[in-house]
Amino acid sequence: MEFFRQLTDVPEQFTAGALSIGNFDGVHRGHARLVGRLKELAKQVGGPSVVLTFDPHPVRLLRPDQAPPPLTWAERKAELLGQLGVDAVIAYPTNRGLLEKSPEEFFRTIVRDHLRARAIAEGPNFHF
């Protein structure tokens, strides 16, 4: 499992696969099930399984008074996700610029252009 903090650091071998986007705090059973689906999709498209998470959690910037304490830090999340078989984890730096992107811009610039995702695995409560 490889760990990255910037999209520009992600080598070509970790693009054009299956992607899951989320905070993955605690990496619990629900996350394990989602990772299982992610790995299935990666196999179907012949690419890597990649998780894009955020550091810090966006709520820390949006509503700091309501931000719960993190259960795991970025490196630990990556370790746990790696144990589940994820090929790469990107702990994307959360800042105002990221949070001000429209869903369409986020999808276009990050999901499509940088990571070139060919499949996406998300849980039922996922939204932009």
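Scroll up for the structure.
Now for a quick tour of the structure. These numbers come from a predicted model, not from an experiment.

Describing the packing of aromatic side chains
Stage number 1. All told, the structure shown has two aromatic pairs when counted by the stated rule.
Stage number 2. Between F4 and F14, the ring centres sit 5.7 Å apart and the planes meet at 55 degrees, which makes this aromatic pair tilted. Linking F4 in strand β1 (residues 2–4) with F14 in the loop between β1 and β2 (18–21), this pair joins segments that are 10 residues apart in sequence. Per residue, the accessibility class of F4 equals that of F14, and both read buried.
Stage number 3. Ring geometry for F54 against F106: centres 6.5 Å apart, planes inclined by 45 degrees, an arrangement best described as tilted. On the criterion of sequence distance, the pair formed by F54 in strand β3 (residues 49–55) and F106 in helix α5 (residues 103–114) is long-range, its members being 52 residues apart. Like F106, F54 is buried.

Examining helix α1 (residues 29–45)
Stage number 1. Here α1 is 17 residues long and its end C-alpha atoms lie 25 Å apart, about the 24 Å a rise of 1.5 Å per residue gives.
Stage number 2. Those residues of α1 lying buried are H31, L34, V35, L38, L41, A42 and V45. Projection of α1 onto a plane perpendicular to its axis shows the buried side chains occupying an angular sector of 120 degrees, all on one side. When the buried face of α1 is taken as reference, the exposed residues oriented beyond 90 degrees from it are R29, R33, K43 and Q44.
Stage number 3. Where α1 is buried, its residues meet β2, β3, α3 (74–83) and β5 (119–120).
Stage number 4. G46 sits one or two positions beyond α1 and adopts a positive phi of about 70 degrees.

With respect to the sheet that holds strand β4 (residues 88–93)
Stage number 1. Pairing within the open sheet is parallel, and its five strands lie in the order β1-β4-β3-β2-β5. Single-partner strands in this sheet number two, and they are β1 and β5.
Stage number 2. Sheet topology note: the β3/β4 ladder contains six bridges and is parallel. Counterpart to T53 in the pairing with β4 is A91.
Stage number 3. Running at roughly 155 degrees to β2, α1 makes contact with β2, β3 and β5 of the sheet.

Notes on α5
Stage number 1. Among the residues of α5, F106, T109, I110 and V111 are the ones counted as buried. All buried residues of α5 fall inside an arc of 155 degrees around its axis, so they share one side.
Stage number 2. Once α5 ends, the next one or two residues include R116, with phi positive near 50 degrees.

Points about the pattern of salt bridges
Stage number 1. Taken as a whole and judged by the stated rule, the model has seven salt bridges.
Stage number 2. For E75, the salt bridge is made with R5, and the minimal N-O distance between the two is 2.7 Å. Placement of the pair is E75 in helix α3 and R5 in the loop between β1 and β2, with a sequence separation of 70 residues.
Stage number 3. Classification of E75 by relative accessible area gives partly exposed; the value is 40%.
Stage number 4. Between R37 and E40 there is a salt bridge, with its nearest N and O atoms 3.2 Å apart. Taken together, the positions of R37 and E40, both in helix α1 and three residues apart, correspond to about one turn of that helix.
Stage number 5. Residue classification places R37 among the partly exposed residues on the basis of a relative accessible area of 38%.
Stage number 6. Overall, the relative accessible area of 44% leaves E40 in the partly exposed class.
Stage number 7. Where salt bridges share partners, they join R5, D55 and E75 into one cluster.

The rules behind these values
- Residues numbered from 1 in each chain as written.
- Predicted model: local features only at pLDDT ≥ 70, side-chain atom pairs only at ≥ 80, totals over all residues.
- Heavy atoms only, no water.
- Phe/Tyr/Trp six-rings, centres within 6.5 Å; stacked < 30°, edge-to-face > 60°.
- Helix = DSSP H or I, 4+ residues; strand = E, 2+ residues; numbered from the N terminus.
- Buried < 20%, exposed > 50% of the residue type's maximum accessible area, 1.4 Å probe, protein only.
- Expected span 1.5 Å × (residues − 1).
- Arc of directions from axis to C-beta.
- Contact = heavy atoms within 4.5 Å.
- Pairing = 2+ DSSP bridges.
- Axes fitted to C-alpha atoms, helices over the stretch in contact; angles between N-to-C directions.
- Salt bridge = Lys/Arg side-chain N within 4 Å of Asp/Glu carboxyl O.

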